[in-house]
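# Structural features, examined
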Amino acid sequence: MVRTLHGTVIVASAVVALLLTTFVSAQADDRALHLLEGMQRADPWAGETIETIEMVMVMVSHGAPAFESRTRTVVDYVGRRALIVSDLGDGTVTVVRVVDGQVSMSVAGEEIALPPGMAALYDAVFDAPATDLDPAASDARYDGMRAYGDLVEGEQVTVRGAALLPAGFDASITAFGPETEAALLFDAEGRLIATVVETVEGKLLGLVDDPDETATLGWSSWTGYWLRPDGPELAMTVRYETVRVNEPIADGTF
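What comes next is a walk through the structure. On a predicted model such as this, the values are computed, not experimentally measured, just so you know.

### What to know about the environment of Ala-42
As for its position among the elements, Ala-42 is in the loop between helix H1 (2-41) and strand S1 (52-61). Given the relative accessible area of 42%, Ala-42 is considered partly exposed. Along the sequence, Ala-42 and Thr-214 sit 172 residues apart, while their C-alpha atoms lie 8.1 Å from each other.

Structure, rendered in structure tokens:
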């Protein structure tokens, strides 16, 4: 009887522990959902259909060698027309146009023939940014307070895949698949202040320049740092000079 009672107590204790763990986990999930929903509510375009976008992005790489590029992108998602003009900073300007299913490219003012199959790569430019994301389906995990050196500290939520990663933060990430986890850090006001993602070159932290800017589809300026064992290393800066959504596109643009 004593042996049975002892076993019952052990089982009961295990059940209580399991229930407590489940309860704490549910609370963590609720906090993650609350922060993600707040990020969605702050987006004035949430749930809207994106028909046009015009933006100018300046990216500076602080690696070796350092370089700066300035890219103007104009996309008409409805008419499936696009213009991408990139100034690579050394006097080289590339222009890509996609009109009526045809892709043309010029480099330094000279038209060049695209290699077979390359035109198909530009089909992805017409994948309009999703604005109807469901935070409840994000497979989110609340990690509590996290700090990354002296750069940033906040409440961390880990999500799977790029679905809830603000637009632009994966601009320099070449391997970011649906199974990849991304960490989002929020400040005391619930604003997104940083992201942390694994890349082919290591872990990259993107520090938001102005947390209030993330309310506009996440196209906000940010500074990237490689998180090295011996401390953070400045990697890049990404600055958006212009972001125009669903505004008329000037005649002759394409």
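So, next bit.
### With respect to the environment of Val-159
Tracing the chain through its elements places Val-159 in strand S8 (residues 152-160). Classification of Val-159 as buried rests on a relative accessible area of 2%. When the C-alpha positions of Val-159 and Leu-184 are compared, they lie 7.7 Å apart, and in sequence the two are 25 residues distant.

### Considering the pairing of strand S3 (residues 81-87)
Where strand S2 (residues 67-76) meets S3, seven bridges bridge the pair, whose relative direction is antiparallel. Opposite Arg-72, over in S3, you have Val-85 as the bridge partner. Taking the residues that link successive antiparallel strands as the turn, the S2-S3 hairpin has four residues, and the phi of Arg-80 there is positive, at about 55 degrees. One ladder, built from six bridges, connects S3 with strand S4 (residues 93-99); its direction is antiparallel. For Asp-87, the partnering residue across the bridge sits in S4 and is Val-93. In textbook terms, the turn of a hairpin is the stretch between consecutive antiparallel strands, and for S3 and S4 this stretch comprises five residues, one of which, Gly-89, has a positive phi near 90 degrees.

### Examining empty space enclosed by the protein
Enumeration over the complete set of coordinates arrives at one cavity of 30 Å³ or more. Contributing to the lining of the largest cavity are Thr-52, Ile-53, Glu-54, Arg-244, Val-245, Asn-246, Glu-247, Pro-248 and Ile-249. Counting only elements with at least two residues in the lining of the largest cavity, the list comes to S1 and strand S13 (231-245). If you tally residues by element for the lining of the largest cavity, the top one is S1, at three residues. Residue classes in the lining of the largest cavity are distributed as four nonpolar, two polar and three charged.

### Some thoughts on the pattern of salt bridges
Overall, the coordinates contain 14 salt bridges when judged by the stated rule. As a salt-bridge pair, Asp-76 and Arg-81 come within 3.0 Å of each other at their nearest N and O atoms. Residue Asp-76 is classed as buried on the basis of its relative accessible area, which comes to 9%. Classification of Arg-81 by relative accessible area gives partly exposed; the value is 32%. Salt-bridge contacts for Arg-191 lead to Asp-212; the nearest nitrogen and oxygen are separated by 3.2 Å. Of this pair, Arg-191 sits in the loop between strand S9 (181-186) and strand S10 (192-199) while Asp-212 sits in the loop between strand S11 (202-208) and strand S12 (222-228), and the two are 21 residues apart along the sequence.

Parameters at a glance
- Residues numbered from 1 in each chain as written.
- Predicted model: local features only at pLDDT ≥ 70, side-chain atom pairs only at ≥ 80, totals over all residues.
- Heavy atoms only, no water.
- Helix = DSSP H or I, 4+ residues; strand = E, 2+ residues; numbered from the N terminus.
- Buried < 20%, exposed > 50% of the residue type's maximum accessible area, 1.4 Å probe, protein only.
- Pairing = 2+ DSSP bridges.
- 1 Å grid on protein atoms, 1.4 Å probe; cavity = no way out; pocket = protein on both sides within 12 Å on 5 of 7 lines; lining within 4 Å.
- Points joined across faces, edges and corners; volume = space filled by probe spheres on them.
- Nonpolar A, V, L, I, M, F, W, Y, C, P; charged D, E, K, R; others polar.
- Salt bridge = Lys/Arg side-chain N within 4 Å of Asp/Glu carboxyl O.

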